[in-house]
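Each chain, written out:
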Amino acid sequence: MTSHTLNLPVQLQQEAEKLAALQGISLDGFILWAVAEKVATLNQRHDDPAFPQITYVRGASGELAPVLRGTRLRVQTIVIATHKWGLSLNEIANEYDLNEALVNQVLAFYEAHRQEIDTSIATEQIIEAANV
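What counts and how
- Residues numbered from 1 in each chain as written.
- Predicted model: local features only at pLDDT ≥ 70, side-chain atom pairs only at ≥ 80, totals over all residues.
- Heavy atoms only, no water.
- Helix = DSSP H or I, 4+ residues; strand = E, 2+ residues; numbered from the N terminus.
- Contact = heavy atoms within 4.5 Å.
- Pairing = 2+ DSSP bridges.
- Buried < 20%, exposed > 50% of the residue type's maximum accessible area, 1.4 Å probe, protein only.

Enquirer: Can you break down the side chain of Q76 residue by residue, with the values?
Expert: With respect to the element layout, Q76 can be found in helix α3 (residues 75-83). Q76 has contacts with I117, S120, I121 and E124, leaving out every residue within four places of it along the chain.

This is how it looks when you write it as structure tokens:
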């Protein structure tokens, strides 16, 4: 392993030392863990440049989910509204205070990422069924 000198502000170092002690690890281990977590998070970024209005956020389950940027409205919600509930583009736009062009873009994102979103919908349905 390569060694690096790290100069932390005193207050940050003290906070990191406290948190490391609570975790039962050394400051070096804590810093290594924090950097590894940050690298993993940045590597998980799935934003598709073809769909700048869609971004990914981590949900309550810890899983990343595609949402309409600035709204936290999940793509799968619009997909379900279209496919399961049979709502028209106009009805969806009115229900979620969107314009129809944006609804179309969300559905285009779904077509480009169908397997990922269908898997997420199926997983959520299994979890919901188990909790009934």
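Alright, that's what it looks like, and here's the rest.
Enquirer: For the sheet that holds strand β1 (residues 54-58), give the residues involved together with the corresponding values.
Expert: One open sheet accounts for three strands, arranged β1-β2-β3; its pairing is antiparallel. The open sheet has two edge strands, β1 and β3 (73-74), and neither has a second partner. Bridging between strand β2 (residues 64-68) and β3 involves two bridges; their strand directions are antiparallel. The residue bridging L68 from the neighbouring strand is L73, located in β3.

Enquirer: Help me get a handle on the pairing of β1, residues and values and all.
Expert: With four of its five residues buried, β1 lies for the most part within the structure. Direction of pairing for β1 relative to β2: antiparallel, over a ladder of five bridges. Bridging from a neighbouring strand, T55 pairs with V67 of β2.

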